[in-house]
Amino acid sequence: MDTLNIGDKLYNVEQNGFNDFARYSFSEVVRLTETLAVLKNGVRLINRPKQSYIIEDVGYSVSRNKGSHWHIVSLKAIRNAQIENEKIRIHDWFEEKQFTLKEKQHIYKMFKTEEGQ
């Protein structure tokens, strides 16, 4: 478990309750102090890796909020973020869209056809 260096890319996942989407944030280490790693988005992390058990095995605690951890970016994290972002886009589209009766009929027929297969 290594300390962070300038240029390291990290991510964090937040969720408001079990029914909320996982919301990913990505940033990069831009400055180091004696004990902190400062991210491009202004978040300050304690530059001491610790076991996380939340998402990855190793995390870096947010200064003054030790319950929040950031993790080194992996391909798995990027893919999971893409999947979650698509879910959010779909959800938001349906929330904002006002369907006409013709559109509702079309959707209904598509689902009925799918059920029959």
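Reading the values: rules and limits
- Residues numbered from 1 in each chain as written.
- Predicted model: local features only at pLDDT ≥ 70, side-chain atom pairs only at ≥ 80, totals over all residues.
- Heavy atoms only, no water.
- Pairing = 2+ DSSP bridges.
- Helix = DSSP H or I, 4+ residues; strand = E, 2+ residues; numbered from the N terminus.
- Patch = residues over 30% accessible without salt bridge, like charges linked within 9 Å, V, L, I, M, F, W, Y side chains within 5 Å.
- Areas by Shrake-Rupley, 256 points an atom, 1.4 Å probe, with all protein chains shown as cover.
- Salt bridge = Lys/Arg side-chain N within 4 Å of Asp/Glu carboxyl O.
- Phe/Tyr/Trp six-rings, centres within 6.5 Å; stacked < 30°, edge-to-face > 60°.
- Buried < 20%, exposed > 50% of the residue type's maximum accessible area, 1.4 Å probe, protein only.
- Core = buried A, V, L, I, M, F, W, Y, C linked by side-chain atoms within 4.5 Å.
- Contact = heavy atoms within 4.5 Å.

Undergrad: Help me understand the pairing of strand β2 (residues 23-32) in this model?
TA: Strand residues, when the strand is regular, have side chains that alternate between the two faces of the sheet. Across 6 bridges, the pairing between strand β1 (residues 9-14) and β2 is antiparallel. Bridge assignment links Leu 10 to a residue of β2, and that residue is Ser 27. Joining the antiparallel neighbours β2 and strand β3 (residues 36-39) is a turn of 3 residues.

Undergrad: Can you help me understand a nonpolar patch on the surface in this one?
TA: Taken together, Phe 26, Leu 75 and Ile 78 make up a surface patch of nonpolar side chains, about 310 Å² in accessible area. Examined against the element boundaries, Ile 78 turns out to sit in helix α1 (residues 75-96).

Undergrad: Explain unusual backbone geometry here, please?
TA: Leaving glycine aside, a negative phi is the common case for residues, and trans is the common case for peptide bonds. For Arg 64, which is not glycine, the phi torsion reads 70° and is therefore positive. Relative to the assigned elements, Arg 64 resides in the loop between β6 (58-62) and β7 (65-72).

Undergrad: Is there a simple way to think about the pattern of salt bridges in this case?
TA: Side chains carrying opposite charge are able to pair once their charged atoms draw close together. Tallying each qualifying case throughout the model produces 4 salt bridges. Here Asp 20 makes a salt bridge to Arg 23, at a shortest N to O gap of 3.2 Å. In this structure, the salt-bridge partner of Lys 87 is Glu 84, at a minimum N-O distance of 3.2 Å. Taken together, the positions of Lys 87 and Glu 84, both in helix α1 and 3 residues apart, correspond to about one turn of that helix.

Undergrad: How should the packing of aromatic side chains be read in this particular structure?
TA: Each pair of aromatic rings is reported with the distance of its centres and the angle of its planes. A full pass over the atoms with the stated rule returns 6 aromatic pairs. Taking 6.3 Å as the distance between ring centres and 15° as the angle between the ring planes, the aromatic pair formed by Tyr 24 and Phe 26 counts as stacked. Judged by relative accessible area, Phe 26 falls into the partly exposed class, the value being 39%. Summarising the aromatic geometry, the rings of Phe 94 and Phe 99 are spaced 5.8 Å apart at their centres and angled 40° between planes, so their arrangement reads as tilted. Judged by its relative accessible area of 24%, Phe 99 is partly exposed. Taken together, the ring pairs in this structure connect Tyr 11, Tyr 24 and Phe 26 into an aromatic cluster.

Undergrad: Is there a simple way to explain the nonpolar core in this structure?
TA: In globular proteins that are soluble, nonpolar side chains generally tend to be buried together. Counting 9 residues, the largest nonpolar core consists of Leu 4, Leu 10, Val 29, Ala 37, Leu 39, Leu 45, Tyr 60, Val 62 and Trp 70. Elements that contribute at least two residues to this core include exactly β3 and β6. When sequence neighbours within four positions are dropped, the list of residues in contact with Val 62 reads Val 43, Arg 44, Leu 45, Ser 68 and Trp 70. Judged by nonpolar contacts, the second largest core, of 5 residues, contains Tyr 11, Ala 22, Tyr 24 and Ala 77.

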